[in-house]
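# Observations on the model geometry
Below, each chain spelled out in residue letters.
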Amino acid sequence: MMLQRINLKNRTQLSSFTQLVNKSFFTSQTASTLQSLPESSPTYRFDDDGEEYADIKWDELGFGLVQTDYMYIMKCSNEGEVFTRGELNPYGNIEMSPCSGVLNYGQGLFEGLKAYRKRDGNILLFRPEQNAMRLQMGAERMCMPSPSIDQFIDAVKQTVQANKRWVPPPGKGSLYIRPLLLGTGPVLGISPARECTFITYASPVGNYFKEGIAPLNLVIEETMHRANPGGTGGVKTITNYAPVLKALTHAKSMGFSDVIYLDSVQKKYIEELSSCNIFIVKGNRISTPPTKGTILPGITRKSIIDIAIDQGYQVEERAIEVEELIDADEVFCTGTAVVVAPVGSITFRSKRYEYKTGAGTTSVKLHSILTCIQSGRIEDKMGWTVELD
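Per chain, residues are indexed from 1 in the order of the written sequence. Where totals are concerned, whole chains, interfaces and linings use all residues; where local detail is concerned, this predicted model gives features only for residues with pLDDT of at least 70, and gives and counts side-chain atom pairs only at 80 or more. Only hydrogens and water are removed before side-chain values are computed, so all heavy atoms of the structure are retained for them.

As named in an unreviewed UniProt entry, the chain is Branched-chain-amino-acid aminotransferase, taken from Papaver somniferum. What the UniProt record of the chain gives under Sequence similarities (unreviewed entry) is the line "Belongs to the class-IV pyridoxal-phosphate-dependent aminotransferase family." Turning to the chain, the UniProt record has this under Cofactor (unreviewed entry): "pyridoxal 5'-phosphate". UniProt positions are given in the numbering used here, feature names are shortened, and annotations may be inferred rather than shown by experiment.

Now for the overall build of the chain. A run of H or I in DSSP counts as a helix once it spans at least four residues, and a run of E counts as a strand once it spans at least two, with each numbered from the N terminus. When helices and strands are tallied, the chain shows nine helices and 20 strands. Across the 389 residues of the chain, 53% fall into the buried class. Residues count as neighbours in contact if any of their non-hydrogen atoms are within 4.5 Å of one another. Pairs at least 24 residues apart make up 71% of the contacts formed inside the chain by residues separated by at least 6 positions. Computed with the Shrake-Rupley method and a 1.4 Å probe, the accessible areas treat only the protein chains shown as cover for residues. Carbon and sulfur atoms form 50% of the exposed surface of the chain, whose accessible area is close to 17900 Å². Note on exposure labels: buried denotes an accessible area under 20% of the residue type's maximum, exposed denotes more than 50%, and partly exposed covers the range between, all computed with a 1.4 Å probe on protein chains only.

Its 12 residues give helix α7 (residues 299–310) an end-to-end C-alpha distance of 17 Å, which sits within 8% of 16 Å, the value for a rise of 1.5 Å per residue. Phi for glycine 312, located one or two positions after α7, is positive at around 95°. What a helix should span is 1.5 Å times the count of its residues minus one.

Another aspect to go through is the UniProt feature "modified residue: N6-(pyridoxal phosphate)lysine" (unreviewed entry) in the chain. Using the residue numbers shown here, the UniProt feature "modified residue: N6-(pyridoxal phosphate)lysine" (unreviewed entry) corresponds to Lys236. You can see lysine 236 is positioned in the loop between β12 (216–221) and α6 (245–253). The class of lysine 236 is buried, set by a relative accessible area of 12%. With near-sequence residues (within four places) excluded, lysine 236 lies in contact with Leu109, Phe110, Glu111, Gly112, Arg134, Tyr241 and Leu296.

Turning to the packing of aromatic side chains, a few remarks are in order. Aromatic contacts are taken between Phe, Tyr and Trp rings whose centres are within 6.5 Å, Trp giving its six-membered ring; a plane angle under 30 degrees counts as stacked, one over 60 as edge-to-face, and the others as tilted. Applying the stated criterion across every chain, the model contains eight aromatic pairs. Aromatic side chains phenylalanine 63 and tyrosine 176 sit 5.2 Å apart centroid to centroid with 75° between the ring planes, which places their arrangement in the edge-to-face category. Taken together, the residues phenylalanine 63 in the loop between β3 (52–54) and β4 (70–77) and tyrosine 176 in strand β10 (residues 174–183) connect sequence positions 113 residues apart. With relative accessibility at 30%, the residue phenylalanine 63 sits in the partly exposed group. On the basis of relative accessibility, which here comes to 9%, the residue tyrosine 176 falls in the buried class. When the ring of phenylalanine 126 is compared with that of tryptophan 384, the centres are 5.7 Å apart and the planes differ by 85°; the resulting orientation is edge-to-face. Highlighted residues: phenylalanine 126 in strand β9 (residues 123–126) and tryptophan 384 in the loop between α9 (362–374) and β20 (385–387), separated in sequence by 258 residues. Accessibility classification places phenylalanine 126 together with tryptophan 384 in one group, the buried group. Ring-pair connections join several aromatic residues into one group, and the members of that group are Phe63, Tyr176 and Tyr208.

Okay, the pattern of salt bridges next. We count a salt bridge whenever a side-chain nitrogen from Lys or Arg sits within 4 Å of a carboxyl oxygen from Asp or Glu. The tally for this structure, following the rule as stated, stands at 14 salt bridges. Glutamate 222 is the salt-bridge partner of arginine 349, the closest N and O atoms lying 2.9 Å from each other. On the criterion of sequence distance, the pair formed by arginine 349 in the loop between β18 (339–348) and β19 (351–354) and glutamate 222 in the loop between β12 and α6 is long-range, its members being 127 residues apart. Take glutamate 222: its relative accessible area is 30%, and that puts it in the partly exposed class. Its salt-bridge partner being glutamate 324, residue arginine 318 comes within 2.7 Å of it at the nearest N-O pair. According to the relative accessible area criterion, glutamate 324 is partly exposed, its value standing at 28%.

What follows concerns the pairing of strand β13 (residues 258–261). Residues Asp258 and Ile260 of β13 are buried on one face, and the alternating residues Val259 and Tyr261, pointing to the opposite face, are buried as well. Only strands joined by at least two bridges in the DSSP assignment are considered to pair. Relative to β13, β12 runs parallel, the two sharing four bridges. The partner of isoleucine 220 across the bridge, within β13, is isoleucine 260. Consider the strands pointing away from the viewer: the crossover is right-handed when the path from the first strand over the helix to the second runs clockwise. Between β12 and its parallel partner β13, the chain crosses via α6, and the hand of that crossover is right-handed.

This is how it looks when you write it as structure tokens:
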């Protein structure tokens, strides 16, 4: 695919150009709320079919923030518990009280999903209704109102459409979408914030781990735990992630990719990694720990289970003792960010165990099917994808 660079330095020219492009791919509701592009916008590129792209090095994308053009903001008063109609705003900093619930007591949730560009240039979302339902489940746990499923999906669609030029070309990555639900109202005593804000922004991304598609090397953490029974490990609250940083940072300093956490009660069952679920393979049997309050019910996890069953594998959701990792044929991880990542080795009590990776493995097969569905390269018989107008 050849990309033609167009440098729009003149502000008047840029404004006119933006209005022209808006008419071609924004919905009427989205276009009505758009403001002129920020001064820092990079040059544009167009492929042979006239598709617009931001002028960045797509082959060098990692999993880091690349600032895009717009974010979506919607507010709600806890008194009414109904979100008002939101709108697009230029991407930038937000203002809130230093006494806000999210800053003082961690009353916040986030989601993560992706948009993919098909070979014909159209854009696909993957199971956005599942993210909306998971946010609602988390909001109930955190005493927060939540957007309806339709409001959530509309916010995601508007965010993607407004940032369409940042959706990578086919095969170069995806547009990662990060919805946030924050308790922004001021609270001094411990109580739910009386105002909540829903924000959705996006960034083009490549591989999550620095290894890219190379196998991961994991270590089992026995001292620190990610979640406890009765806590919030099963919802995507922001308070679940800072506590893993110490173990994760230490593991990376020792050359490992990530950490496997054990249950906090008996300390012998594997649960999940810092930001993704885990599966083990033995013959035709695929096993993964059950989501019973301490493990996040991943949407990629759920999708891989369905695909595996459809492919004839025997899938079990059950408690898995650490010792079972010793005899496993394969181990892999799943998540929106990591997709399906093969594990090359796991270190436990200074002993390293290695697993099958590469062509012909179960993880490669499942990864291929999932990514082909997500990017529209094969028929979506599951009905999981949503194509933007």
